[in-house]
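Spelled out, the chains give:
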Amino acid sequence: MASVLTADFSALGAQCRSLEDAGIDGIHWDVMDGRAVPALSFGPDIIAACRRHVALPFEAHLMTSDPDPLIDQVADAGCDTIMIHPDWIRNPRRTLQTIVDRGLTAGVALSPGTSVDAARWHIDIIGCILIMTVEPGFGGQSNIELINEKIRQVAVLISASDRHVELEVDGGIGPDTIAGAHLAGARKFVVGSALWRSQSFAVAKQKLDDAIGAAYPSTKPV
């Protein structure tokens, strides 16, 4: 998934098309309200405007102090998945159920200091768990590799649940960090700066694919 938090906001539609042309498999929207986190980003209107340009799956990561009023708006804008921080709001179960009732995938996002239990209590209704390997709210941060242990714990939780729940990682993901997160159990990755710093999205994607492939070398015949 491509995070567009560090994109050129004046050309988001064209950049979303370029990501799709490069084989990127989805767009990750970090919706920030300037209260739960210091930064402001984009809202439903921007997401809806970009929805007209691509057919890629959209997922919204709501970094807001009160996500409930945004759920219908983000859903109507074209997002297929909506993720919230359960430890930031008073009644996360109700909010997650609202997302499910819209026919969307509900997810929980866990900040570096948030316990795995914040996902455990909702494992029966969520479809994804997003592990933050940086503090939420800013792009371009370095990956906290110690979080790989939390990824392993969440992978065990999902396996024990006997449900299909995607394990996603966001924060400082690049060729040097993606293999470690993959080995820990993550299967979906939100990539921001590593895409935008590259000479092309296709080249960046190939480097990420190669990094995962190198961690799983093919068995050669003796």
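Before any of the text, the structure's been laid out above.
The written sequence of each chain sets the order in which its residues are numbered from 1. Per-residue local features are limited, in this predicted model, to residues with pLDDT of at least 70; the limit for side-chain atom pairs, both in listing and counting, is 80 or more; totals at the level of whole chains, interfaces and linings are taken over all residues. Side-chain measures here rest on the full set of heavy atoms in the structure, leaving out hydrogens and waters.

Draft legend 1. Local environment of the overall build of the protein chain. When helices and strands are tallied, the protein chain shows nine helices and eight strands. Our radius of gyration is a C-alpha quantity, and the globule rule it is checked against amounts to 2.2 Å times the number of residues to the power 0.38. Relative to the globule expectation of 17 Å for 222 residues, the C-alpha radius of gyration of the protein chain, 17 Å, shows essentially globular dimensions. Projecting the C-alpha coordinates of the protein chain onto the three principal axes gives extents of approximately 60 × 40 × 30 Å. The buried label goes to any residue with under 20% of its type's maximum accessible area, the exposed label to any with over 50%, and the partly exposed label to all in between, with areas taken from a 1.4 Å probe on protein chains only. Looking at the 222 residues of the protein chain, the share that counts as buried comes to 54%. When checking whether two residues touch, look at their non-hydrogen atoms; a contact exists if any pair is within 4.5 Å. Put simply, of all contacts in the protein chain between residues at least 6 apart along the chain, 63% involve residues at least 24 apart. Residue exposure ignores everything except the shown protein chains as possible cover, and the areas themselves are Shrake-Rupley values with a 1.4 Å probe. Only carbon and sulfur atoms are counted for the fraction: they give 51% of the accessible area of the protein chain, which is about 10400 Å². With 18 positive and 27 negative side-chain charges, the protein chain shows a separation of 2 Å between the mean positions of the two kinds. Where helices and strands are cited, they refer to DSSP runs of H or I of at least four residues and of E of at least two residues respectively, numbered from the N terminus. In this count, Lys and Arg are taken as positive residues and Asp and Glu as negative ones, while His and the chain termini are left out. Where a charge lies is defined by one atom per residue type: Lys uses NZ, Arg uses CZ, Asp uses CG and Glu uses CD.

Draft legend 2. Spotlight on the packing of aromatic side chains. In this scheme Phe, Tyr and Trp rings, the latter by its six-membered ring, pair at centre separations within 6.5 Å, and the angle between planes marks the pair as stacked below 30 degrees, edge-to-face above 60, and tilted otherwise. Applying the stated rule across the entire model yields four aromatic pairs. Here the aromatic rings of Trp 29 and Phe 42 are separated by 5.0 Å at their centres, their planes lie at 85°, and the arrangement is edge-to-face. On the criterion of sequence distance, the pair formed by Trp 29 in strand S2 (residues 27–32) and Phe 42 in the loop between S2 and helix H2 (44–51) is long-range, its members being 13 residues apart. Each of the two residues, Trp 29 as well as Phe 42, counts as buried.

Draft legend 3. Up close: the side chain of Thr 114. By the element assignment, Thr 114 lies in the loop between strand S5 (105–110) and helix H5 (117–120). Apart from residues no more than four positions distant in its own chain, Thr 114 is found in contact with Asp 87 and Lys 150.

Draft legend 4. Here's a closer look at the packing of H2 against helix H3 (residues 68–77). Lines fitted to C-alpha atoms define the axes here, with helix axes fitted over just the stretch in contact, and angles between the N-to-C directions of these axes take values from 0 to 180 degrees. Look at H2 against H3: their axes get within 8 Å of each other, and the N-to-C directions meet at 15°. In terms of orientation, H2 lies roughly parallel with respect to H3. Relative to H3, the crossing made by H2 is right-handed. The residues of H3 that touch H2, namely those facing Pro 44, Ile 47, Ala 48 and Arg 51, are Leu 70, Gln 73, Val 74 and Ala 77. Each angle is binned into one of four classes, with values under 35 degrees roughly parallel, values over 145 roughly antiparallel, values of 65 to 115 roughly perpendicular, and all other values oblique. Should the near helix be turned counterclockwise from the far one by less than a right angle, the crossing is left-handed, whereas a clockwise turn marks it as right-handed.

Draft legend 5. Highlighting the pairing of S2. Counting buried residues in S2 gives six out of six residues, a clear majority hidden from the surface. Burial along S2 is two-sided: the face carrying Ile 27, Trp 29 and Val 31 and the face carrying His 28, Asp 30 and Met 32 are both buried. Strand pairing is defined by DSSP finding a minimum of two bridges between the two strands. Inspection of the sheet shows strand S1 (residues 2–3) paired to S2 by two bridges, in the parallel sense. Residue Ser 3 lies in a different strand from S2, and its bridge partner there is His 28. Assignment of crossover handedness uses the view with strands pointing away from the viewer, where a clockwise path from the first strand over the helix to the second indicates a right-handed crossover. For the handedness criterion, the β-α-β arrangement of S1, helix H1 (residues 12–21) and S2 is classed as right-handed. Alignment of S2 against strand S3 (residues 58–63), held across six bridges, turns out to be parallel.

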